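What follows is the residue order along each chain.
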Amino acid sequence: YKRGLANYDLRDYQGAIADFSQAMQLNPKNSDAYQARGLARAALGDKQKAMADYTQAIELDPKNPKTYYSRGRARFLLGDYTGAVEDYTQSITLDPKNADAYTNRCSAQLNLGASQEAIADCTQSIALNPNKDGAYNNRCIAYFNLKDYQNALKDCSQAIRLNPNNDTAFSN
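Residues numbered from 1 in each chain as written. Predicted model: local features only at pLDDT ≥ 70, side-chain atom pairs only at ≥ 80, totals over all residues. Heavy atoms only, no water.

### Regarding the overall build of the chain
Here is step 1 of the chain: Secondary structure assignment for the chain yields 11 helices and 0 strands.
Here is step 2 of the chain: Counting from the amino terminus, helix and strand elements in the chain follow one another as α-α-α-α-α-α-α-α-α-α-α.
Here is step 3 of the chain: For the chain, the spread of C-alpha atoms along the principal axes amounts to about 55 × 30 × 25 Å.
Here is step 4 of the chain: Taken over 172 residues, the chain has a buried fraction of 45%.
Here is step 5 of the chain: Counted over contacts in the chain with a minimum sequence separation of 6, partners at least 24 positions apart contribute 43%.
Here is step 6 of the chain: For the chain, the accessible area works out to roughly 9100 Å², and carbon and sulfur atoms hold 48% of it.
Here is step 7 of the chain: Charge separation in the chain, taken as the distance between the mean sites of 20 positive and 19 negative side-chain charges, equals 2 Å. (Helix = DSSP H or I, 4+ residues; strand = E, 2+ residues; numbered from the N terminus. Buried < 20%, exposed > 50% of the residue type's maximum accessible area, 1.4 Å probe, protein only. Contact = heavy atoms within 4.5 Å. Areas by Shrake-Rupley, 256 points an atom, 1.4 Å probe, with all protein chains shown as cover. Lys, Arg positive; Asp, Glu negative; His and termini not counted. Charge placed at Lys NZ, Arg CZ, Asp CG, Glu CD.)

Right under this line is the structure:
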C-alpha cells in the first residue's frame, strides 16, 4: 500500500494501481487501497473504474469522507451532478470543515441550475477558507445567474485578487 502511495506521488499511476491491487489481494478489506486505486485510475482518466473502486471503498468503510469526496469528483466529471451533490453532501456530513467539498458541491449545484444552493455552499466554503478563489468564482457565477450583478462583480473581483491568473473570473 505504501509503495502504491509513493508511486502515486511520483505520478506513476500504473505502478500505483498494481501496488494497490496487490495490497487488496493481501487484504481485501483494505478500503484505503480501493480509495487510492480509484484516485490513480481517475488520474489516468478511467472514471468508471475509479467509481467502482470508490463504491467498494465506501461499502468497506462508509465513514470515510475522503472516499465520498473522490466519488463526488468522479460523478461530476461523468456529468452525474445529482450524484455528485449526494456524495459531496455525505462527505460534508462526515467532515463539515472541508471547504473543498462545499466548493465542489457548489459547482455541481450550478450545473443543476440551483443557484441559491450554490451560493450557500460557496459562502460556507469561504467561511472555512477565505482564500479560496474558486469559491468566490463559483459564487460569482451563481449571483450572475440570479441577475445580482453587484454581488457577482464583487465576488469575481475577489477571485481575481486572490488569483490574478484566474482567467475564468475575468470571463464571468
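So, next bit.
### Observations regarding the pattern of salt bridges
Here is step 1 of the chain: Evaluation of the coordinates by the stated rule reveals 10 salt bridges.
Here is step 2 of the chain: Linking Arg-71 and Asp-87 is a salt bridge whose minimum nitrogen-to-oxygen distance equals 2.8 Å. Of this pair, Arg-71 sits in helix 5 (residues 65-77) while Asp-87 sits in helix 6 (residues 81-94), placing them 16 residues apart in sequence.
Here is step 3 of the chain: With a relative accessible area of 2%, Asp-87 lands in the buried category.
Here is step 4 of the chain: Of the charged contacts, one joins Arg-75 and Asp-80 as a salt bridge, the two residues approaching to 3.7 Å between their closest N and O atoms.
Here is step 5 of the chain: Take Asp-80: its relative accessible area is 32%, and that puts it in the partly exposed class.
Here is step 6 of the chain: It is possible to trace a salt-bridge network through shared partners that takes in Arg-71, Arg-75, Asp-80, Glu-86 and Asp-87. (Salt bridge = Lys/Arg side-chain N within 4 Å of Asp/Glu carboxyl O.)

### Remarks on the packing of helix 4 (residues 47-60) against helix 5
Here is step 1 of the chain: Here helix 4 crosses helix 5 at 155°, and the two axes come no closer than 9 Å. On the basis of their axis angle, the class for helix 4 and helix 5 is roughly antiparallel. Of the two possible hands of crossing, helix 4 and helix 5 adopt the one that is left-handed. For the pair formed by helix 4 and helix 5, the contact residues are Lys-47, Met-51, Tyr-54, Thr-55, Ala-57 and Ile-58 on the first element and Thr-67, Tyr-68, Ser-70, Arg-71, Ala-74, Arg-75 and Leu-77 on the second.
Here is step 2 of the chain: Of the residues in the contact of helix 4 with helix 5, the class split is 7 nonpolar, 3 polar and 3 charged. (Axes fitted to C-alpha atoms, helices over the stretch in contact; angles between N-to-C directions. Parallel < 35°, antiparallel > 145°, perpendicular 65-115°, else oblique. Left-handed = near helix turned anticlockwise from the far one by under 90°. Nonpolar A, V, L, I, M, F, W, Y, C, P; charged D, E, K, R; others polar.)

### Brief notes about the side chain of Arg-139
Here is step 1 of the chain: Note that Arg-139 resides in helix 9 (residues 133-145).
Here is step 2 of the chain: Those residues in contact with Arg-139, other than ones at most four positions away along the chain, are Ile-119, Cys-122, Thr-123, Ile-126 and Asp-155.

### A few points about unusual backbone geometry
Here is step 1 of the chain: Despite not being glycine, Arg-11 has its phi angle at roughly 65°, a positive value.
Here is step 2 of the chain: Assignment of secondary structure puts Arg-11 in the loop between helix 1 (2-9) and helix 2 (13-26).
Here is step 3 of the chain: On the basis of relative accessibility, which here comes to 65%, the residue Arg-11 falls in the exposed class.
Here is step 4 of the chain: Here Lys-147, not a glycine, exhibits a phi torsion of approximately 65°, which is positive.
Here is step 5 of the chain: Inspection of the secondary structure puts Lys-147 in the loop between helix 9 and helix 10 (149-162).

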